[in-house]
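A structural walkthrough
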Amino acid sequence: AERGKTFYYADYRLGNARKEYFYAGWPCCSGTYIQDVADFHNLIYFKGSNSLCVNLFIPSEVRWDFAGNSVKIIQETNYPESEYVVLKVEPERAATFALKLRVPEWAQGASIKINGERCSASIRPGTWAVVSREWAAGDRVEYTISMELRAVPIDRQHPNRIAVMYGPVVLVQEQTSTLRLEKLDPQADLKPTGKPLSFFASLAQTPVMKPFYRIGLDMPYSMYFDGS
């Protein structure tokens, strides 16, 4: 991001498109990007009077002063290239509080285990899964955020023009748009390549689809596709 050289623009039209970078000065978009990145760490965890919320799934560590008791949470994950999140709970002294895990609105079938045993907490997409218990040093939370391929329309006015997503990740193609989806169902039309977050179109000879964040400078890509 030196001297304003930072991600600035993405073209979402059908067909070829390229990422653009801004090099001169600090326009509002370029400067705001730097401010956003600097604040990301403040959005991983939130605290309440008797709860700690896990909002983002990022390898991290937080210390929480809970009524004079120092509580450390260690988060281990390779999300979104893995659907598994491990939280290690390390209170200075055993303490009873609620650990709240964000459940993405697309995450059907998410699950939680506490020390290897299935947790009975309500896990509904678009809400917080609340685990209230007495926590002791060494407790381990295993959170599985189930991911599936899905079609997401660009808007209500254009329901047949869609982006393909896998969990929270937008998948793009490295060339002019040629993908055709049967009944707008990427679950049926795309097959995994064996590499994280990469898929082949099974109905046509098309390039591998990959996460948008793996597209480099000046690389043509296609993000939106028309369903049949």
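Our subject is the structure listed above.
One numbering rule holds for all chains: residues counted from 1, following each sequence as written. At least 70 in pLDDT is required for a residue's local features to be given in this predicted model, at least 80 for side-chain atom pairs to be given and counted, and no such filter applies to totals for whole chains, interfaces and linings, which use all residues. Hydrogens and water are ignored here; the side-chain numbers use all heavy atoms of the structure.

Moving on to the sheet that holds strand 10 (residues 117-118). Two orientations exist for strands paired in a sheet by backbone hydrogen bonds: parallel and antiparallel. For two strands to pair, DSSP has to find at least two bridges joining them. A run of DSSP states H or I qualifies as a helix once it reaches four residues; a run of E qualifies as a strand once it reaches two. Both are numbered from the N-terminal end. Strand order across the open sheet formed by 6 strands is 5-6-7-12-9-10, with antiparallel pairing between neighbours. In the strand order of this sheet, the two ends are held by strand 5 (60-66) and strand 10, each with one partner. Pairing of strand 5 with strand 6 (residues 69-77) involves 7 bridges; the strand directions are antiparallel. In the sheet register, Ser60 faces strand 6, and the bridge partner there is Gln75.

Another aspect to go through is the nonpolar core. In terms of nonpolar packing, the biggest core is built from 33 residues, with Leu101, Ile112, Val141 and Tyr143 touching the most fellow members. Those elements giving two or more residues to this core turn out to be strand 4 (51-54), strand 5, strand 6, strand 7 (84-91), strand 8 (95-102), strand 9 (111-114), strand 11 (128-135) and strand 12 (139-144). Per-element accounting of this core gives the leading share, 4 residues, to strand 8. In what follows, residue pairs with any heavy atoms lying within 4.5 Å of each other are defined as contacts. With near-sequence residues (within four places) excluded, Tyr143 lies in contact with Phe57, Glu83, Tyr84, Val85, Leu101, Arg102, Val103, Pro104, Ala110, Ser111 and Ile112. Nine residue types can take part in a nonpolar core, namely buried Ala, Val, Leu, Ile, Met, Phe, Trp, Tyr and Cys, and a core is a set of them joined through side-chain atoms within 4.5 Å. Relative accessibility decides the category of a residue: with a 1.4 Å probe and only protein chains considered, values under 20% of the type maximum give buried, values over 50% give exposed, and everything between is partly exposed. Counting 11 residues, the second-largest nonpolar core is a separate cluster that includes Ile162, Leu171, Ala201 and Met209.

Taken together, the 4 strands give an open sheet; going across it, the order is 3-4-8-11, and neighbouring strands pair in mixed fashion. Of all the strands in the sheet, the pair left with one neighbour each is strand 3 (45-47) and strand 11. Along the sheet, successive strands turn relative to each other by an average axial angle of 20°, direction set aside. Axis geometry follows a simple rule: fit a line to the C-alpha atoms, using only the stretch in contact for helices, then measure angles between N-to-C directions, giving values from 0 to 180 degrees.

Further remarks concern the side chain of Ser60. As for its position among the elements, Ser60 is in strand 5. Take Ser60: its relative accessible area is 16%, and that puts it in the buried class. In the analysis that follows, any N or O atom pair within 3.5 Å is treated as a polar contact, provided that within protein one partner can donate a hydrogen and the other can accept it, and provided that, for residues neighboring in sequence, both atoms belong to side chains. At 2.7 Å, the side chain of Ser60 and the side chain of Tyr45 are in polar contact. Not counting residues within four places of it along the chain, the set of residues in contact with Ser60 comprises Ile44, Tyr45, Ile73, Ile74 and Gln75.

In this section: the pattern of salt bridges. We count a salt bridge whenever a side-chain nitrogen from Lys or Arg sits within 4 Å of a carboxyl oxygen from Asp or Glu. Tallying each qualifying case throughout the model produces 5 salt bridges. Glu92 is the partner of Arg93 in a salt bridge, and the nearest nitrogen-oxygen pair spans 3.6 Å. Judged by relative accessible area, Arg93 falls into the partly exposed class, the value being 44%. On the basis of relative accessibility, which here comes to 57%, the residue Glu92 falls in the exposed class. Here Arg161 makes a salt bridge to Asp226, at a shortest N to O gap of 2.9 Å. Of the two residues, Arg161 is situated in strand 14 (residues 158-166) and Asp226 in strand 19 (residues 224-226); the sequence distance between them amounts to 65 residues.

All we've got here are geometric facts, nothing functional implied.
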